[in-house]
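Next come the chains, spelled out residue by residue.
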Amino acid sequence: MTIKKKFPILLLFVCSGFSLGVAQKVSVVSPRVEMQENPLGIDRKDPHFSWQLKSGMNDVQQTGYEIQMGTDLQGLKRGNNLMWQSGLVSSDHMQVGYQGSPLQSGKEYYWRVRVHTNCGESHWSAVQRFTTGLLHDTDWVAKWIGEDAMSNPGESQTELHTRLAARYLRKDFQASSHVSRATLYISGLGYYQAFLNGKCVSEDLLTPSITFYSETVYYNTYDVTRLVHGGDNALGVILGNGRYFWVRGSGMEGFGLPRLLAQLVIEYADGTKKIIASDETWKVTSKGPIVANNEFDDEEYDMRKELSGWNVSGYNDAAWKNADIMSVPCKRLRAQPCPSVAVMERLRPLSVTRLASGKVLIDMGQNMVGRLNASFQGKEGQKVIMRFAELINPDSTLYVANLRTAQATDVFTPAADGRFSWAPVFVYHGFRYVEIDSIEGRPDTDDFVGEVMYDKMKCTGDFETSNAVVNQIFKNAYWGIRGNYHNMPTDCPQRDERHGWLGDRATGCWGESFMFDNALLYRKWLQDIEESQREDGVVSAVSPRFWTIYSGDVTWPSVYILAAEMLYRHYGDTTAIVRHYDSMKCWVEYICQNSMKDGLVVRDEWGDWCMPPESPELIHSQDPLRKTDGAILGSTTFYGLLYKMMEFARLTGHPEDVDNYRTHAEVLKKAYNKRFFNYETAQYGNNSVTGNLLSLRYGLVPEGYEQRVFQNVVDKTEKDCKGHVSAGVVGIQHLMRGLTEYGRKDLAYKIVTNTDYPSWGYMIEKGATTIWELWNGDTAAPDMNSANHVMLLGDLLIWYYENLAGIKNAEESVGFRHIEMKPCFPDGLSYVKASYQSVSGEIASHWSRTGKEFSWEVTIPANCSATVYLPIALHPEKPEAVRAHSIKRAGEYWVVELGSGDYRFQSKI
Ligand code: BGC
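Residues numbered from 1 in each chain as written. Predicted model: local features only at pLDDT ≥ 70, side-chain atom pairs only at ≥ 80, totals over all residues. Heavy atoms only, no water.

Q: How would you sum up the site of the ligand? Please name residues and give values.
A: Neighbouring the ligand are D491, R495, E497, W501, D504, W556, W606, W609, E773, H789 and M791. The fraction of the free accessible surface of the ligand (310 Å²) that becomes covered by protein chains is 95%. (Near = heavy atom within 4 Å. Areas by Shrake-Rupley, 256 points an atom, 1.4 Å probe, with all protein chains shown as cover.)

Rendered as structure tokens:
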């Protein structure tokens, strides 16, 4: 029944404001530039610097910071040659844009930070190194090179199963010893894999990150100092096709034949430099072992064509051609601003079975995304064929109908009889099962590894409760989300789509950020969205616009504004809002002029996509009583976005725009209620849950009618849907929070713990280990029925963290500096244990109710604060105010204001 400090009394005193002069009770950790631990090749003029504080004490508040940055480590430590010396800046911010003298191309920089707090000064943080990329086009001496022809029989460029062999490029060069630094700046389209003296330069895969290539192409920067040696060296690069050579089913031509740009800069101890740059003196061949590769179909590797030693010096490349100079593929060449894909986890199969057909069936036990690393016994010239699928048929054959035209088949041809290990490099598949044809012997689980591939990013959240269904949904979501992070948030990883469909992540991106450190991915994706925007402002519903869809609707593109807001609110990063404000404004104007009629948004392409349909085999409902009017979806969403634009206008220094957005919003609200609201029944349109809920959540309901509108949501859910979801992709973004905030946490809890149709639990009952595209994924037609989509998660993960754990960035707070801890404690749940690595540090909440015991432990990071809502029903006595800033009784809660630290509330109920 008290707030118990976990720390000794003495320390509490020290921390309570009057400093005893004991220093270093606070340290600065996680210094980051551009939110990265090891930032190489930054090409932003004003990179974003950030840090966190760590302290064993409570109530720590930063009062100032001091940053130093220089070009050499020793100089920095002595305070010499500094390029940026902020001096002591009075501020509680832990994120700041670079303010020193201009950064130079291709340099190394070192920086550190120390802080002043109410509990004393910290030491200097650890020094963080970062390097800059090539900041000016003129820094590039390299030329784009490749083989400007299809020179293998059977190569083709078609709308579907494109075939093209990989290109191998190489260059021998000399270096003297005493290399002080060697840096490789490289891009290769569609994908490349680079070797220096036979060693792969990085663990990154599928680089560079996908973009709409004719606009922007990214290059990567690698520190290869350890790979260059005095004497003969060789640089070798393989080029894969990725989406550059052709984009599946796009209706557009491919971008072109693969091409490479590489510039290796070697710096010597005496200050001189040598540059090895791609040009016509490089050699190229497409007669190597990767005889075909295509993101959606396969990689085919013919070992008989191996070019033994091709990527080390001294290889005889006389039979290779001189590289062709290729055209410049893009308007802009930029440093890749987001993490690359890599193997992030390795899984052993659950089972490996030799079928009666002689084929081998591997069950990974988990629907995963990546590749199979296989060891097997093969025969000379006999193709080993590996087919991938998410599901199997009752007779153990693969179920591939839902892959549509994606062949998902890798092929390896041995050069002799024997044992081989192989994994492809330019493909990934979404799969749980692999069927292998033509391997000998008795393969078992030790022979195969499922290599899980997605963008290198940290996991930011742990979450566990007393309910197994709630936990399993979290796990399925975790697998689904990371499997769909491939340089952009994709819709699905397995069929012939794999696109950045905007609507799928509109609200999802907020929930995902509790699980993954996804800031750079989303920041990059917003850039893709902007680059896919048409001049008149309309945004493509698929970005990068490999499928160019200018539908003019609001619901899908809403993510442009929502994700920028997420980056600001959750990560404290205003970059996206500042950078995209003009384009967002242009989009808003487009909608006002082209998609609205009589004050309402009337264009809507996809409706409340994938709502539970009236019969099990249907993908989309045809029933007008279930479907929500598109004008309701578009108008409510747009109304919400106009308010966000008002905030963005203020933030970016465009106060003159605010009135315009407000006027649109007011006109819309009037027109909307006039057209859709029935004042007698308090229903919107056909009374769908989605229609009523969106109107409520966006604040369109006329004052005084809110409870009645909400009652309609409840009645429909309870009576017509027997306590189940009736929403699709749009409505589901508000369902869990809406039910809880208006007082029916019990109904929200029922929906999340349901295991019958339609529910997330139903998917699990039916064996899902990810989240399905359709509520009825087990019975619907295969045409649009992936077993790994994440859009139906809606606001579920947000609800997990904010409403179950009580970890919520408070209303006006940025970067979790002030946290609202108000779990809803649903009946039936006896504990929740969650943590979240926010930009400001770790936040944790662990509450439990067992018998008559109630306890709740919370962790609030240094330089942050929290308002804790402690239900009087669970904690009848006023908590003793040992360290709280204040404790007030408000309605059914004790409202406790806390500073940073660890706290525990305990009581007997
Ligand atoms: C995609 C979805 C997407 C939708 C839009 C589908 O094919 O897989 O995720 O949002 O199309 O219509």
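Q: A description of the pattern of salt bridges should follow, citing residues and the corresponding values.
A: In the structure shown here, the tally under the stated rule is 55 salt bridges. One salt bridge connects R170 with D317, and the closest N-O pair in it is separated by 2.8 Å. In this pair, R170 sits in strand β12 (residues 167-175) while D317 sits in the loop between β22 (298-302) and β23 (321-322), placing the two residues 147 residues apart along the sequence. The buried category is assigned to R170, whose relative accessible area is 1%. A salt bridge links E773 to R495, with the shortest nitrogen-to-oxygen separation between them at 2.8 Å. Placement of the pair is E773 in the loop between α14 (760-765) and α15 (796-805) and R495 in the loop between α3 (468-483) and α4 (508-515), with a sequence separation of 278 residues. Taken individually, E773 and R495 each receive the classification buried, so the pair is uniform in this respect. Three or more residues joined by partner-sharing salt bridges are found here, namely E34, R44, D46, R523 and D573. (Salt bridge = Lys/Arg side-chain N within 4 Å of Asp/Glu carboxyl O. Helix = DSSP H or I, 4+ residues; strand = E, 2+ residues; numbered from the N terminus. Buried < 20%, exposed > 50% of the residue type's maximum accessible area, 1.4 Å probe, protein only.)

Q: Explain the sheet that holds strand β17 (residues 231-240) to me, using residue names and the numbers behind them.
A: Overall, antiparallel pairing links the six strands, which are arranged β15-β14-β17-β12-β20-β23 in an open sheet. Either end of the sheet is taken by a strand with one partner, and the two such strands are β15 (199-200) and β23. Of the pairings in the sheet, the one linking β12 to β17 comprises nine bridges and is antiparallel in character. Bridging from a neighbouring strand, A175 pairs with G231 of β17. (Pairing = 2+ DSSP bridges.)

Q: Describe in detail the sheet that holds strand β2 (residues 26-33), supporting the description with residues and values.
A: A sheet is described by the order of its strands in space; here three strands give the open sequence β2-β3-β7, paired in antiparallel fashion. Edge positions in the sheet fall to β2 and β7 (95-97), since each has one partner strand and no second. The sheet shows a mean angle of 25 degrees between the axes of neighbouring strands, direction not considered. Looking at chain direction, β2 and strand β3 (residues 48-55) are connected through six bridges and run antiparallel. Of the residues in β3, the one forming a bridge with V33 is F49. (Axes fitted to C-alpha atoms, helices over the stretch in contact; angles between N-to-C directions.)

Q: How would you explain the nonpolar core if you had to name every residue and give the values?
A: Formed by 229 residues in total, the largest nonpolar core has its most connected members in F638, W760 and Y800. With eleven residues, the top contributor of residues to this core is helix α8 (residues 630-651). Counting 27 residues, the second-largest nonpolar core is a separate cluster that includes F173, A182, Y268 and V284. (Core = buried A, V, L, I, M, F, W, Y, C linked by side-chain atoms within 4.5 Å.)

Q: Describe the packing of helix α6 (residues 559-571) against helix α7 (residues 575-594), and please don't skip the residues or the numbers.
A: When two helices pack together, their arrangement is captured by the angle between the axes and the distance separating the axes. Look at α6 against α7: their axes get within 10 Å of each other, and the N-to-C directions meet at 160 degrees. One element, α6, and the other, α7, form an angle in the roughly antiparallel class. Between α6 and α7 the crossing geometry is left-handed. Touching Y560, I561, A564, L567 and Y568 of α6 are A576, I577, H580, S583, M584, W587 and V588, all from α7. In terms of residue class, the contact of α6 with α7 is built from ten nonpolar, two polar and no charged. (Parallel < 35°, antiparallel > 145°, perpendicular 65-115°, else oblique. Left-handed = near helix turned anticlockwise from the far one by under 90°. Contact = heavy atoms within 4.5 Å. Nonpolar A, V, L, I, M, F, W, Y, C, P; charged D, E, K, R; others polar.)

Q: Account for α3, naming residues and giving values.
A: If you check α3, its first and last C-alpha atoms are 22 Å apart, about what 16 residues at 1.5 Å a residue would give, namely 22 Å. Residues of α3 that are buried include every one of V470, I473, F474, N476, A477, Y478, W479, G480, I481, R482 and G483, and no others. Between a side-chain oxygen at the N-terminus of α3 and the backbone nitrogen of V469 the separation is 2.8 Å; the capping residue is N467. (Expected span 1.5 Å × (residues − 1). Polar contact = N/O pair within 3.5 Å; in protein donor to acceptor, adjacent residues only side chain to side chain.)

Q: Please give an account of the packing of aromatic side chains that cites residues and values.
A: Here the structure, examined in full by the defined rule, presents 65 aromatic pairs. Both rings, one in F514 and one in Y801, keep their centres 4.6 Å apart while their planes meet at 0 degrees; by these two values the pair is stacked. With F514 in helix α4 and Y801 in helix α15, this residue pair connects regions lying 287 residues apart in the sequence. Across the pair, Y801 and F514 agree in class, each one buried. When the ring of Y679 is compared with that of Y705, the centres are 5.3 Å apart and the planes differ by 85 degrees; the resulting orientation is edge-to-face. Taken together, the residues span a long stretch of sequence, with Y679 in the loop between β39 (677-678) and β40 (683-684) and Y705 in the loop between α10 (689-697) and α11 (706-720) at a distance of 26 residues. Using a relative accessible area of 23% as the deciding quantity, one classes Y705 as partly exposed. Connected via pairs of aromatic rings, a cluster forms that spans F463, F474, F514, W799, Y800, Y801, F816 and Y836. Against the face of W479 rests R482, its NZ or CZ located 4.1 Å from the ring centre. The side chain of K822 reaches across the aromatic face of Y869, ending 4.6 Å from its centre. (Phe/Tyr/Trp six-rings, centres within 6.5 Å; stacked < 30°, edge-to-face > 60°. Lys NZ or Arg CZ within 6 Å of the ring centre and 35° of its normal.)

Q: Give me the lowdown on the confidence of the model for the protein, citing residues and values where you can.
A: Looking at the protein, pLDDT values average 95 and 97% of them are 70 or higher. Across residues 1-23, where pLDDT falls below 50, the model places 55 contacts with residues more than four positions away in sequence or in other chains. (pLDDT = per-residue confidence, 0-100.)

Q: Before we move on, could you go through the side chain of Q193 and cite the residues and values that matter?
A: Following the sequence through the fold, Q193 ends up in strand β14 (residues 191-196). The buried category is assigned to Q193, whose relative accessible area is 16%. Beyond its immediate chain neighbours, meaning those up to four positions away, Q193 contacts C200, G236, V237, I238, V425 and F426.

Q: So what's going on with the side chain of T409? Which residues, and what values?
A: Locating T409 in the fold gives a position in strand β32 (residues 409-413). With relative accessibility at 16%, the residue T409 sits in the buried group. Separated by 2.6 Å, the side chain of T409 and the backbone oxygen of Q407 make a polar contact. The contact partners of T409, leaving out residues within four places of it in the chain, are D297, D298, E299, I385, M386, R387 and H429.

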